[in-house]
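Spelled out from the first residue to the last, the chains are:
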Amino acid sequence: MTVQTEAAQAPDLLYSEAEEDLRSAVRALLADRADAPTVIAGIESDTPYDLRLWESLAVGIGAAGLLVPEKLGGQGATHREAAVVLEELGRSVAPAPYLTSAVVATEILLALGADGGPAAGLLGELASGSKVAVLALPFSTPPADAGAAMAGTLERTVSAVAEAVTADVLLVPTADGLYAVETAGDGVAVQPLVPLDLTRPLATVTLTGATGTLLADAGPAAEAVGRGLLAGAGLLASEQLGLAEWCLTETVRHTRERHQFNRPVGSFQSLKHRMAQLWLEVVSARAAARNAADALATGSPDAPLAVAVAQAYCSGAAVHAAEECVQLHGGIGMTWEHPAHLYLKRAKADSIAYGTAGRHREAVAALVDLPAP
Amino acid sequence: MSTVIDAAGIRRLTQELLAARPPATTGRADFLKARFDAGLAWVHYPVGLGGLDAPRSLQPVVDAELAAAGAPDNDPRRIGIGLGMAAPTILGYGTEEQKQRFLRPLWTGDEVWCQLFSEPGAGSDLAALGTRAVRDGEDWVVDGQKVWTSSAHVARWAILIARTDPDVPKHRGISYFICDMTDPGVEVRPLRQITGEAEFNEVFLTGVRIPDSRRLGPVGDGWKVAQTTLMNERVSIGGARIPREGGMIGTVAKTWREQPELRTHDLHQRLLTLWVEAEVARLTGERLRQQLVAGQPGPEGSGMKLAFARLNQEISGLEVELLGDEGMLYGDWTMRRPEIVDFTGRDAGYRYLRSKGNSIEGGTSEVLLNIVAERVLRLPVEPRNDKDVAWKDLAR
Ligand SMILES: Cc1cc2nc3c(=O)[nH]c(=O)nc-3n(C[C@H](O)[C@H](O)[C@H](O)COP(=O)(O)OP(=O)(O)OC[C@H]3O[C@@H](n4cnc5c(N)ncnc54)[C@H](O)[C@@H]3O)c2cc1C
């Protein structure tokens, strides 16, 4: 592919009215069920997930089935709408297995061309929100590693699997193909780890003598897993955008109100410029994230590049916004009661998820023919 | 400053101490007390107060000898505020009695200190503080709330600033006290922080009686005294002497060498950039110390804490990313009240989160940059509307 391929048709980088309606619904739900004190109380309890929240989001709003065609039980929408949901989830750092189940696992099943068969059945269950499925690979796996991740058998240990704790089904890539393995079945152990990002649980998955349903042979499975990871990386950019936006908004609000030296600290030019710089990064992140979502939605050949660019940019923008948020809040930003730390932890973990910015820059290098020296 | 004592003399005294109190058979506390009494605690302090009136540059001679002999050291992480901030302030402004009473147990670590400066409404603008101290006979009666007080839960004593005159501009109505943390009316409540631990606290002061004999410096002149504390705080946070790869960069460098599977070109470039910056920061600190010894203190001191904060944050951020899957994990979120202030222990995630405080505690990086711009570079100061107004008339 050459750099110019996509020049012909410009991507749609704006939000449609339907997308804004969806955003309002999701935002209202999250404001109601996942405000900061609730999220902080949740992560300190034994059940980090508010099942009612997931039910309302997945079933009530129908967000779980956005990517799934109506005939398979979904909403027949696209990655563009799913991206809007993720922006809102990033903005509230609410714990919900949306990215892992409703995007990555769902995309993999869709890519298998699910006309009937076990994949179609599972897809319907994910779309309706009655089941949660996650890909049994480390959360850090970039799309480029999809092929390599297919090595191994159903006897294996995988570390740092995101949301495995809440999953009903694991999608396990092996050299033979992709298996669906029930987490409740024999020979499956899901051992929770202590995550940096308390709002997205990680676990070690150990399979010993587990059985599963073969969903696809190795060839198509590898391609499907690659597509799942690509969608995950691409839409993660929208989560990062939402997160960064919250951090900026909240920092602006705080520094306008917080007085020191007989004036609002936000009136100091050194702080103003930093927040203005963050604004520029948020605006840029939005363009990059929208481009990735649109490319995924339209099945554009530019999608791999759009996703790599979005990840290479948005990871850093989110971490930067969260770090500035802590700093510009002063001592309050270092406390547990203030939600800033939840955003910092999510942003930092997100910067590793589905490949670091560095890995995505390498992907860019390969895609646009700018090889390393 | 005496020039009688030289390196050889100091070495001899150190050997005498080691012979009199062999570390192998002497208890830790006994050894530290004997060391203080021999004047080898901080050799530049006066005789009788743990020092020998010797040049500061001779301290490393003592430290090296003692380390080689396996002698116990006082843990600077546990007694950092006492050692780094209370001690120089007491030395500079304390009465003879105060110096005799406080410096020895402070240095040996028998008594831990904390700093009751910041308040909910007075952080960067510390001089705006509202905790009141009202004279009542031989005592002062103190009421107010302090916040972010590191180690208050283990501290025996506190350095405290309070407002003794609300009718004059804010910098002029402050006095400086030594507060007994075991006195009635002192209440310490844990404040959990980003790392999960409650390293700092909220401290409520209600009718706390402090005898006038525990005031440091003249009434109303506490801001000047506090400047000594704050300057020393910055130096003690940013100014530790470390060997090459001695700070956080050492941990990342070790991981890099031992785990080749984690390496990428991108991380390599960033690691090298930070390695060079860490080495240059170390050299800048070393040069500053040499300037001090040569009697030409430079303004670089203000820069060291800035560099330390930024480097710690960038290096620990890189470390989390380098570790990949492991970087997404955290050791332990248990809410604890640690006895020591720990910047670097534990895992990469902890280091990353704790380092965020480095640019806030002891003066934010923004405020320090203002100080460099205005006092070092002599750039015009920001227009101010809080200088000549009585404290009680300021907006809050
Ligand atoms: C881990 C930790 C430990 C601490 N330990 C202690 C302790 O033991 N004892 C104690 O007394 N205090 C302690 N502190 C408090 C610390 O000194 C204050 O948090 C700090 O001075 C900042 O004040 P603030 O939190 O009120 O922030 P604010 O003053 O509200 O600052 C908010 C933001 O505005 C910026 N800002 C403020 N003024 C200006 C300006 N003029 N120009 C540009 N930017 C500006 C700040 O840099 C910051 O980014 C600790 C803090 C932390 C985080």
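If you're wondering where the values come from, they're calculated on a predicted model, not measured in any experiment.

**A closer look at helix α7 (residues 218–257) of chain A**
- Compared with the 58 Å implied by 1.5 Å per residue over 40 residues, the 58 Å span of α7(A) between its first and last C-alpha is a close match.
- Along α7(A), 29 of the 40 residues are buried, which leaves the element largely enclosed by surrounding structure.

**Some thoughts on the packing of α7(A) against helix α10 (residues 340–350) of chain A**
Residue and element names in this part refer to chain A.
- Remark: α7 packs on α10, axes separated minimally by 11 Å, with the N-to-C direction vectors making an angle of 150°. With respect to their mutual orientation, α7 and α10 come out roughly antiparallel. In the crossing of α7 with α10, the sense of the turn from one axis to the other is left-handed. Of α10, the residues touching α7 (which contributes Leu236, Glu239, Gln240, Leu243, Trp246 and Cys247) are Tyr343, Arg346, Ala347 and Asp350.
- Each residue belonging to the contact of α7 with α10 can be placed in one class, and the counts come to 6 nonpolar, 1 polar and 3 charged.

**Structural notes on the pattern of salt bridges**
All names here are of chain B.
- Counted under the stated rule, the structure contains 61 salt bridges over all chains.
- The closest approach of N and O atoms between Lys254 and Glu258, which form a salt bridge, is 3.6 Å. Note that Lys254 and Glu258 are positioned in helix α7 (residues 248–258) at a spacing of 4 residues, about one turn of the helix.
- According to the relative accessible area criterion, Glu258 is exposed, its value standing at 51%.
- A salt bridge links Arg270 to Asp266; the shortest N-O distance between them is 3.1 Å. Of this pair, Arg270 and Asp266 both sit in helix α8 (residues 265–293), 4 residues apart, which is roughly one turn of that helix.

**Observations concerning the sheet that holds strand β2 (residues 156–162) of chain A**
Residue and element names in this part refer to chain A.
- Pairing is antiparallel in the open sheet, where 3 strands are placed in the order β2-β6-β5. Looking at which strands have only one partner, the edges of the open sheet turn out to be β2 and β5 (188–192). Strand-to-strand, the axes of this sheet are offset by a mean angle of 20°, without reference to chain direction.
- The pairing of β5 with strand β6 (residues 202–207) spans 5 bridges and is antiparallel. By the bridge assignment, Ala189 is partnered in β6 with Thr206.

**Points about the side chain of A:Glu81**
- Relative to the elements of secondary structure, A:Glu81 occurs in helix α4 (residues 79–92).
- Here A:Thr78 takes part through its side chain, which lies 2.6 Å from a polar atom of the side chain of A:Glu81.

**Overview of the UniProt feature "domain: Acyl-CoA dehydrogenase/oxidase C-terminal" (unreviewed entry) in chain A**
- According to UniProt, the "domain: Acyl-CoA dehydrogenase/oxidase C-terminal" (unreviewed entry) feature falls on residues 229–366 of chain A.
- The span residues 229–366 of chain A is 76% helix and 3% strand, and its two end C-alpha atoms sit 18 Å from each other.

**Overview of the interface of chain A and chain B**
- At the junction of the two partners, chain A supplies 47 residues and chain B supplies 48 residues.
- In total, about 3,800 Å² of surface goes out of reach between chain A and chain B, with carbon and sulfur atoms giving 60% of it.
- Considering only the side of chain A, the residues that lose the most area to chain B are A:Phe261, A:Asn262 and A:Met334, jointly responsible for 20% of the buried surface there.
- If you look at where chain A meets chain B, you find 5 salt bridges.
- Here chain A and chain B share 23 residue pairs in polar contact (both at pLDDT 80 or more) between them.
- Residue assignment for the side of chain A that touches chain B shows that the elements contributing at least two residues are β2, α8 (269–297), α9 (303–328), α10 and α11 (357–367) of chain A.
- Along the lines of polarity and charge, the residues of the side of chain A that touches chain B split into 22 nonpolar, 13 polar and 12 charged.

The rules behind each value
- Residues numbered from 1 in each chain as written.
- Chains lettered and ligands numbered in written order.
- Predicted model: local features only at pLDDT ≥ 70, side-chain atom pairs only at ≥ 80, totals over all residues.
- Heavy atoms only, no water.
- Helix = DSSP H or I, 4+ residues; strand = E, 2+ residues; numbered from the N terminus.
- Expected span 1.5 Å × (residues − 1).
- Buried < 20%, exposed > 50% of the residue type's maximum accessible area, 1.4 Å probe, protein only.
- Axes fitted to C-alpha atoms, helices over the stretch in contact; angles between N-to-C directions.
- Parallel < 35°, antiparallel > 145°, perpendicular 65-115°, else oblique.
- Left-handed = near helix turned anticlockwise from the far one by under 90°.
- Contact = heavy atoms within 4.5 Å.
- Nonpolar A, V, L, I, M, F, W, Y, C, P; charged D, E, K, R; others polar.
- Salt bridge = Lys/Arg side-chain N within 4 Å of Asp/Glu carboxyl O.
- Pairing = 2+ DSSP bridges.
- Polar contact = N/O pair within 3.5 Å; in protein donor to acceptor, adjacent residues only side chain to side chain.
- UniProt positions renumbered as here; feature names shortened; annotations may be inferred.
- Buried area = accessible area lost by both parts, 1.4 Å probe.

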